[in-house]
Amino acid sequence: MTSKEWLGVIEAMEDVSPYYEKVNSLMTFGLADKWRREVASAAGPDDVVLEIGSGPGNFARHLVAKKVFCLEPSDHLLSSSMDALDHDRVMPIRGVGEHIPLADSSVDKVFCVFSFRDFFDRGAGVSEMLRVLKDGGEVRIVDVAKPPPGPYARLLDLHIKHVVPTLARVAVPPAVRATWDRDPYKTFAQTYQAFGFTKVYEDLLERTGFSEVGTEFLKMKGATVTRGKKPWRSTY
């Protein structure tokens, strides 16, 4: 992804932000928020959590952690998210996953929910996740399922390319769509096409130094969660 393409992705996210949750619910048949709740349950009340690409705060609001850092490159999305979040526990940070402005070994869990495909440099982002995690800390990367070539992959591809833009036209008023310079859901389809298969990111986590790496489907197999653990350092 070029820097121009990356900026286009951020602008597309800002364009759809008022309708983001409505379209997400339609395109996932109401499952998107169930997926978020399921993944958020991995964080406990004593955890310090980092969410990368927190967007409008739809995932962070489900976290019960004692401290949540919401890292987001868009000022617009970051400021709008704070209306729905607990200011006593949640700290918004403007920044990108490739340069996380937190200290080494400072968080217990890292979550990246429907944003990893939008990274400018995924390798650098994974290295930063490992750096900020405490020993034994865990990362969970959630995204739309990208299975290997086959019937299910073709079905998902058809859904992303043709069904999602149609649903967006239903959810977003025509007057709003008329103000867009481009269709943001075509941008979403393009980032999905460029996103690698799950095995690619499992290998990336392992090469970076994560252990216990694996992937599982969420409900109805429309999304996956890829996880890894930062190994404990020997004290000997």
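Definitions and cut-offs
- Residues numbered from 1 in each chain as written.
- Predicted model: local features only at pLDDT ≥ 70, side-chain atom pairs only at ≥ 80, totals over all residues.
- Heavy atoms only, no water.
- Helix = DSSP H or I, 4+ residues; strand = E, 2+ residues; numbered from the N terminus.
- Expected span 1.5 Å × (residues − 1).
- Bend = angle between axes of the 7 residues up to and from the residue.
- Buried < 20%, exposed > 50% of the residue type's maximum accessible area, 1.4 Å probe, protein only.
- Contact = heavy atoms within 4.5 Å.
- pLDDT = per-residue confidence, 0-100.
- Phe/Tyr/Trp six-rings, centres within 6.5 Å; stacked < 30°, edge-to-face > 60°.
- Salt bridge = Lys/Arg side-chain N within 4 Å of Asp/Glu carboxyl O.

Taking 1.5 Å of rise per residue, 21 residues should cover 30 Å, and helix α6 (residues 151-171) covers 28 Å from first to last C-alpha, within 8% of that figure. Within α6, the axis deviates most sharply at I160, by approximately 35°. By the burial criterion, the buried members of α6 are A153, L156, H159, I160, V164, P165, L167, A168 and A171. Looking at the buried residues of α6, the elements they touch are α2 (20-27), β5 (133-144) and α8 (184-194).

Among the secondary structure elements, E212 is positioned in strand β6 (residues 211-217). With 175 residues separating them along the chain, E212 and R37 place their C-alpha atoms 23 Å apart. If we skip the residues at most four places from it in the chain, E212 touches R227, G228 and K229.

On average, residues of the chain score 88 in pLDDT, and 98% of them reach the 70 mark or higher. Per-element averaging of pLDDT across the chain places α8 at the bottom with 72 and strand β1 (residues 48-52) at the top with 98.

Attention shifts here to the packing of aromatic side chains. Pairs of aromatic rings are described using the distance from one ring centre to the other and the angle between the two planes. This model, assessed by the stated rule, comprises four aromatic pairs. Between the aromatic rings of F116 and Y201, the centroid separation amounts to 5.3 Å while the plane-to-plane angle is 80°, which identifies the pairing as edge-to-face. Taken together, the residues F116 in the loop between β4 (107-113) and α5 (122-132) and Y201 in helix α9 (residues 198-208) connect sequence positions 85 residues apart. Assigned by exposure class, F116 and Y201 land together as buried.

Time to look at the pattern of salt bridges. Inspection of the entire model under this criterion finds 18 salt bridges. A salt bridge links E21 to R36, with the nearest nitrogen and oxygen atoms 2.9 Å apart. Placement of E21 in helix α2 and of R36 in helix α3 (residues 32-40) is noted, with a sequence separation of 15 residues between them. With relative accessibility at 25%, the residue E21 sits in the partly exposed group. What you see here is one network of salt bridges that share partners, running through E21, D33, R36, R37 and R61.

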